[in-house]
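# Architecture and fold: a report
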Amino acid sequence: MSFRVVLSCCVAALAACGERAPTPEPITRPAPRFEPVIQRALAATAPPTEPPPAGEVDAEELSGLIAMFAGGDARFTEAAESSVAELSGDVAAALFALASDGADEERAAAIGLLGARGDAAAAARLVDLLRDGEPAWIRAHAAWRLGETDADQTVPALLLRLKYERDHEAVLWIADTLARFGNFAGAAVIERLAVDPATPAALQRSARAKQLELGELAQPPDGLGVVAAWERALLDVPERSRAFEHAVWSWIARLEEYQLRGVDDARFLLERSDPSVAKLLGQALLEPDRYVRVHAAQCLARMGPRGRAAEAQLVALLGDPLAAHEAAAALGRLDTATAEAELRRELQAGGVEVQVTAARALRWRLERAAPETRELLVELAADATSLPELRQAALESLAYLGELDREHLTALLDFAEDERFEADTTIRALRFWLGEHAPETLIAEFDALAPEGGEVVTWDARRRSRRARAALVREHLDALVGA
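Given the structure is predicted, the values throughout are model-derived calculations rather than measurements. Per-chain numbering applies: the sequence of each chain, read as written, is numbered from 1 onward. Per-residue local features of the predicted model are confined to residues with pLDDT of at least 70, and side-chain atom pairs are confined, for both listing and counting, to 80 or more; whole-chain, interface and lining totals are unaffected and use all residues. Calculation of side-chain values draws on the structure's entire complement of heavy atoms; hydrogens and water are dropped beforehand.

Let's shift gears to the overall build of the protein. To qualify as a helix, a DSSP run of H or I must reach at least 4 residues; to qualify as a strand, a run of E must reach at least 2; elements of each kind are numbered from the N terminus. Helix and strand counts for the protein come out as 28 helices and zero strands. Dimensions of the protein along its principal axes, counting C-alpha atoms only, are 90 × 55 × 45 Å. Within the protein, the fraction of its 483 residues that count as buried is 48%. Relative to all contacts within the protein whose residues are 6 or more apart in sequence, the contacts with residues 24 or more apart total 67%. Exposure was quantified through the Shrake-Rupley algorithm and a 1.4 Å probe, taking into account, for residues, occlusion by the shown protein chains and nothing else. Of the roughly 23,700 Å² that the protein leaves accessible, carbon and sulfur atoms contribute 53%. Positive charge is attributed to Lys and Arg, negative charge to Asp and Glu, and no charge count is given to His or to the chain ends. Each charge is placed at NZ for Lys, CZ for Arg, CG for Asp and CD for Glu. Positive and negative charge centroids in the protein, built from 53 and 78 side chains respectively, lie 5 Å apart. Each residue's exposure class comes from its accessible area (1.4 Å probe, protein chains only) as a fraction of the maximum for that residue type: buried when under 20%, exposed when over 50%, partly exposed otherwise. Residues count as neighbours in contact if any of their non-hydrogen atoms are within 4.5 Å of one another.

Listed below in structure tokens is the structure:
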């Protein structure tokens with residue numbers, strides 16, 4: 001916590017002395033009991049040790065199966081698929097070698113037979129092709145054939161491929177296979193491709209067709225689109241295998257790595273996982289390594305309602321001074337009445353940093369927030385003696401909750417212009433509120449005043465932008481909130 005925040009807190013306390021009702025007693029939450037969860041889980045879910053494949057692969061027989069599969073006759077294709085499961089030796093390695101080099105028809109057939117083989121070794125080779133295959137159609141083909149297996153342990157690898165894959169056709173098949181495994185994280189990518197004017201016409205048609213297929217797989221309730229139903233955790237989650245859990249735990253273990261690449265990759269795929277992974281991340285909140293706890297809580301925050309299985313562990317983590325801030329932020333994203341009540345409790349009597357986080361996190365409840373939550377935020381927003389950062393956070397949440405009156409909006413604009421305070425969160429809150437209460441012309445003017453500079457924005461540009469946008473809203477204050 002910065003010296004300025006501490007000083008502000010002290011000044012507020014002195015100003016309030018003798019003038020305010022006694023504040024609630026500080027919360028005393030028991031500290032969680034940490035234990036090495038990850039290694040124990042990895043050992044419990046580890047696949048059984050199997051001896052290496054016996055015997056040599058009959059190259060002539062395998063070549064015959066490749067020819068049968070590539071021929072295009074459905075009867076021969078089915079016969080090849082049945083026969084490849086009976087071959088002895090390291091069939092997966094042999095098929096991988098054929099898929100990596102040679103004529104396109106043979107490579108495609110080898111990938112297809114890897115999918116038909118479908119065991120752990122074949123799935124692992126398909127993942128290798130998904131990651132490193134060239135040209136791009138090899139990666140797309142590998143993703144497609146993975147969707148024909150039961151290898152749900154490949155879901156983390158498929159999710160990670162969403163981060164690095166640049167070929168749109170391959171992305172479509174990655175998203176399709178993820179959906180077949182009960183993960184709809186790729187639906188948003190397909191949705192963008194389907195509506196982006198820059199998308200080539202043929203690819204746009206493919207994306208729209210894939211949207212319909214994913215809708216049938218997901219069966220979104222109440223007319224919601226697949227993306228909205230996925231983000232709100234309204235879709236069924238299939239039962240997961242032990243191999244799936246082992247793969248997930250292997251990535252959770254990478255949250256404690258020193259190299260940031262591994263941590264970033266782990267966070268990327270964990271944040272895009274289904275609700276079954278939230279249960280494992282909740283267990284990881286008890287890991288002794290502080291960084292694992294912090295990263296796990298941040299992943300749960302990004303999961304939003306999909307992270308609800310970890311609610312109890314996040315509440316317990318509020319007792320950990322090293323990760324309480326992240327726990328509070330994640331609780332807000334869960335969007336549950338229990339999480340809201342715990343955040344309200346922290347807001348009334350928690351530590352200063354967690355109070356600010358709780359005030360900001362309560363915005364995720366939007367129209368579902370309880371009356372006492374709204375009343376508490378209004379009280380904090382009006383209290384000139386409270387910590388300024390806390391007032392700022394309360395005002396921002398009121399903006400998201402649609403509760404800004406003239407006094408609130410004026411105070412929020414003051415924070416937007418005051419260079420002593422972080423303004424990005426305030427500007428975003430203003431933009432959200434304007435989207436619900438302002439005419440489109442004013443919203444367009446507000447957006448046009450965004451700072452210039454592309455990816456690198458100077459401090460001066462940011463300062464000019466925040467002042468210009470605040471001034472614009474002030475010009476229209478009467479029209480927005482009246483006298």
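Next, the rest of the story.
Turning our eyes to something else, we now look at the packing of helix H14 (residues 242-253) against helix H16 (residues 275-284). A fitted line through C-alpha atoms represents every axis, and for helices the fit uses only the stretch in contact; the resulting angles, taken between N-to-C directions, go from 0 to 180 degrees. With their axes 11 Å apart at the nearest point, H14 and H16 run at an angle of 45 degrees to one another. Relative to H16, the element H14 is oriented oblique. Crossing of H14 against H16: the hand is right-handed. Here Phe244, Glu245, Val248, Trp249 and Ile252 of H14 lie close against H16, whose contacting residues are Ser276, Val277, Leu280, Leu281, Gln283 and Ala284. Residue composition of the contact of H14 with H16, by class: eight nonpolar, two polar and one charged. To sort the angles, those under 35 degrees are grouped as roughly parallel, those over 145 as roughly antiparallel, those from 65 to 115 as roughly perpendicular, and the leftovers as oblique. Helix crossings are classified by the rotation of the near helix relative to the far one: an anticlockwise turn of less than a right angle makes the crossing left-handed, while a clockwise turn makes it right-handed. Basically, the charged four are Asp, Glu, Lys and Arg, the nonpolar ten are Ala, Val, Leu, Ile, Met, Phe, Trp, Tyr, Cys and Pro, and anything else, Gly included, counts as polar.

Centres within 6.5 Å make a pair out of two Phe, Tyr or Trp rings, where for Trp the six-membered ring is used; the pair is then stacked when the planes are under 30 degrees apart, edge-to-face when over 60, and tilted otherwise. Scanning the entire structure with this criterion turns up four aromatic pairs. Here Trp144 and Trp173 contribute two aromatic rings whose centre-to-centre distance is 5.8 Å and whose plane-to-plane angle is 40 degrees, an arrangement assigned as tilted. On the criterion of sequence distance, the pair formed by Trp144 in helix H8 (residues 136-146) and Trp173 in helix H10 (residues 168-180) is long-range, its members being 29 residues apart. Taken together, a centroid distance of 4.9 Å and an interplanar angle of 45 degrees make the contact between Tyr400 and Phe432 tilted. Placement of Tyr400 in helix H23 (residues 388-400) and of Phe432 in helix H25 (residues 424-437) is noted, with a sequence separation of 32 residues between them.

Turning next to empty space enclosed by the protein. Residues are said to line a cavity or pocket when one of their atoms sits within 4 Å of a point; the points come from a 1 Å grid over protein atoms alone, cavities being sets where a 1.4 Å probe fits but cannot get out and pockets being open sets with protein on both sides within 12 Å along at least five of seven lines. Grid points are joined across faces, edges and corners, and a volume is the space filled by probe spheres set on the points. Under the definition given, this model contains one cavity of 30 Å³ or more. By residue class, the composition of the lining of the largest cavity is eight nonpolar, one polar and two charged.

On to the environment of Val226. Of note, Val226 is situated in helix H13 (residues 226-231). The exposure class assigned to Val226 is buried, which follows from its relative accessible area of 12%. Measuring from C-alpha to C-alpha, the distance between Val226 and Gly215 comes to 5.9 Å, with eleven residues separating the pair along the chain. When near neighbours in sequence (up to four residues on either side) are disregarded, Val226 contacts Phe184, Ala187, Leu214, Gly215, Ala218, Pro220 and Leu235.

Next up on the list: the nonpolar core. Formed by 141 residues in total, the largest nonpolar core has its most connected members in Ile252 and Leu270. Examining the composition of this core, we find that eight residues originate from one element, helix H17 (residues 290-303), more than from any other. Ignoring anything within four residues of it in the chain, the contact list for Ile252 reads Ile38, Leu270, Leu280, Leu281 and Ala284. Here, the term nonpolar core denotes a set of buried Ala, Val, Leu, Ile, Met, Phe, Trp, Tyr and Cys residues that are joined through side-chain atoms within 4.5 Å.

Turning to unusual backbone geometry, a few remarks are in order. In this model, Glu134 is joined to Pro135 through a cis peptide bond whose omega is 0 degrees. Relative to the helices and strands, Pro135 is located in the loop between helix H7 (120-132) and H8. Positioned with a positive phi, Asp335 is a non-glycine residue whose angle comes to about 60 degrees. With respect to the helices, strands and loops of the structure, Asp335 is situated in the loop between helix H19 (324-334) and helix H20 (337-349).

Residues spaced three or four apart along an α-helix point in a common direction, a consequence of the helix completing one turn every 3.6 residues. To estimate how far a helix should extend, the number of its residues minus one is multiplied by 1.5 Å. With 13 residues, H10 ought to run about 18 Å at 1.5 Å a step, and its terminal C-alpha atoms sit 19 Å apart, in line with that. Buried residues of H10: Ala170, Val171, Leu172, Ile174, Ala175, Asp176, Thr177, Leu178 and Ala179, and no others. Summarising the contacts, the buried residues of H10 are in contact with H7, H8, helix H9 (155-164), helix H11 (187-195) and helix H12 (201-218). We call two N or O atoms a polar contact when they sit within 3.5 Å, provided that within protein one can donate a hydrogen and the other can accept it, with sequence-adjacent residues counted only if both atoms are side-chain atoms. Capping of H10 at its N-terminal end is provided by Asp167; its side-chain oxygen lies 3.3 Å from the backbone amide nitrogen of Glu169. A positive phi of about 85 degrees marks Gly182, the residue just after H10.

Moving on, we come to the pattern of salt bridges. The rule for a salt bridge is simple: a side-chain nitrogen of Lys or Arg has to be within 4 Å of a carboxyl oxygen of Asp or Glu. This model, assessed by the stated rule, comprises 42 salt bridges. Glu271 is paired through a salt bridge with Arg272; the nearest N and O atoms lie 3.6 Å apart. Judged by relative accessible area, which is 29%, Arg272 ranks as partly exposed. Arg474 is the salt-bridge partner of Glu417, the closest N and O atoms lying 2.8 Å from each other. A residue pair is termed long-range when its members are at least 10 positions apart, and Glu417 in helix H24 (residues 406-417) and Arg474 in helix H27 (residues 459-475) qualify at 57 residues. Because the salt bridges share partners, they merge into one network encompassing Asp335, Glu340, Arg344, Arg365, Glu367, Arg368 and Glu372.

A grouping of Asp58, Glu60, Glu61 and Glu86 is seen on the molecular surface, where their side chains present a negatively charged patch. You can see Glu86 is positioned in the loop between helix H4 (74-84) and helix H5 (91-100). Only residues whose relative accessible area exceeds 30% and that form no salt bridge enter a patch; like-charged residues are grouped when within 9 Å of one another, and nonpolar side chains (Val, Leu, Ile, Met, Phe, Trp, Tyr) when within 5 Å.

Before going further, it helps to spend a moment on the confidence of the model for the protein. With 94% of its residues at a pLDDT of 70 or more, the protein shows a mean pLDDT of 90. Confidence scores labelled pLDDT are given residue by residue by the predictor and lie between 0 and 100. pLDDT under 50 marks residues 1-22. Its contacts with residues more than four places away, or in other chains, come to 20 contacts.

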